[in-house]
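A structural walkthrough
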Amino acid sequence: MNLIDGNKISAEVKDEIALEVTRMKERGEKVPHLAALIVGHDGASETYVGNKEKACKQVGFDSTVIRFEESVTEKEILEKVNEFNNNPSIDGFIIQLPLPKHISEQKVIEAIDPRKDVDGFHPINLGRMVIGLPAYVSATPAGIIELFKRYKIETSGKNVVVIGRSNIVGKPISILLSQKASPGDATVTLTHSRTKNLKEVVSRADIVIAALGNPEFLTADMVKDGAVVIDVGITRVKSEKTKSGWKLIGDVKFDEVSQKASFITPVPGGVGLMTIVSLLQNTLKAAKGEIYPKK
Ligand code: NAD
């Protein structure tokens, strides 16, 4: 078994980004600036935004975090989005999801200027990605692709089974891996809660991507010998053994699946770290006008 080390790869990518930021400064250019909007005090969301802020500092980006209470109105959020859209110092921004029930996430996402949508959630970026045009690809699928590249994991002609069809992970990674590209050129099966005989479908996979949010769902009897296993799931459970009182559990029963897998990502220390660096990569692209030329 080879461990796919998100710590190592994310540190490598961050070093590369930091070097690029140093060069930008030397050329007298503005450093990339990522903004985030967070609503309420959800522990997981606070952690994600905190980690993103820390990562920005590590690579030399500017970062801004705007916080709203749960009672914020949709209008106030939309006004802030509009402000971000029109603030030339901000290259890209994210809206930390989920939002409270009284706010339409879709409406907020569609209000983001696609040129600043570094999370790649706007329908324009999703649509462009589907037809192979330059686009911001959502951070988790982009992070998985980066891991395949850096570990030289062959995807061409392979059977890939993705478990979970969310708009931010399952669907985009299925599309990316089925595209004529490298990594890509795979035969992809997208499975979900209504899939029949999931175990049988998964057992034929050369590569399994588990993104369903069900702790330790994928067990050794479901995967074939030598499969590549990517664990996207993150479930926070209470723990008396950690300082924070929480620990993170993936969708894969790591101890037993790792005995059969050729490559496997751990949780934590796998895909989650790559999600953050992909966001940094997208922000760098935004600052350099690589996806959409600067106005
Ligand atoms: P989601 O929670 O929106 O949807 C879950 C999907 O799993 C649905 O499509 C559903 O049909 C499918 N599903 C549920 N039970 C199933 C079952 N028994 N068999 C087959 N399919 C089933 O998905 P999401 O937002 O992609 O989140 C999935 C997990 O990934 C969560 O644990 C989330 O925290 C985690 N996540 C991690 C990262 C990261 O950076 N590592 C990023 C995003 C999400």
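This text goes with the structure placed above it.
This is a predicted model, so every value here is computed, not measured. (Residues numbered from 1 in each chain as written. Predicted model: local features only at pLDDT ≥ 70, side-chain atom pairs only at ≥ 80, totals over all residues. Heavy atoms only, no water.)

A few points about the side chain of Lys-52
Structurally, Lys-52 is set in helix H2 (residues 43-59). There is no salt bridge for the buried Lys-52, and the closest opposite charge comes from Asp-119, which lies 5.3 Å off by N-O distance. (Helix = DSSP H or I, 4+ residues; strand = E, 2+ residues; numbered from the N terminus. Buried < 20%, exposed > 50% of the residue type's maximum accessible area, 1.4 Å probe, protein only. Lys, Arg positive; Asp, Glu negative; His and termini not counted. Salt bridge = Lys/Arg side-chain N within 4 Å of Asp/Glu carboxyl O.)

Focus: the nonpolar core
Core analysis: the largest hydrophobic core is formed by 54 residues, its most contacted members being Ile-209 and Ile-230. For this core, the element with the highest residue contribution is helix H10 (residues 271-288), accounting for 9 residues. Mapping this core onto the domain boundaries places at least three of its residues in each of domain 1 (28-113) and domain 2 (139-272). Dropping the residues within four chain positions of it, Ile-230 is found in contact with Ile-4, Ile-144, Phe-148, Val-208, Ile-209, Ala-210, Thr-265 and Val-271. (Core = buried A, V, L, I, M, F, W, Y, C linked by side-chain atoms within 4.5 Å. Domains from an automatic or database assignment. Contact = heavy atoms within 4.5 Å.)

Examining unusual backbone geometry
Negative phi values dominate among residues other than glycine, just as trans dominates among peptide bonds. The omega angle of the peptide bond from Ser-182 to Pro-183 is -5°, so this bond is cis rather than trans. With respect to the element layout, Pro-183 can be found in the loop between helix H7 (170-178) and strand E6 (187-191). With an omega of -5°, the peptide bond running from Val-267 to Pro-268 counts as cis. Mapped onto the elements, Pro-268 comes out in the loop between strand E11 (263-264) and H10. The residue Lys-152 is not glycine, and still its phi comes out positive at about 50°. With respect to the helices and strands, Lys-152 occurs in the loop between helix H6 (139-150) and strand E5 (159-163). Non-glycine residue Glu-216 carries a positive phi angle of around 55°. Structurally, the position occupied by Glu-216 is in the loop between strand E7 (207-210) and strand E8 (228-231).

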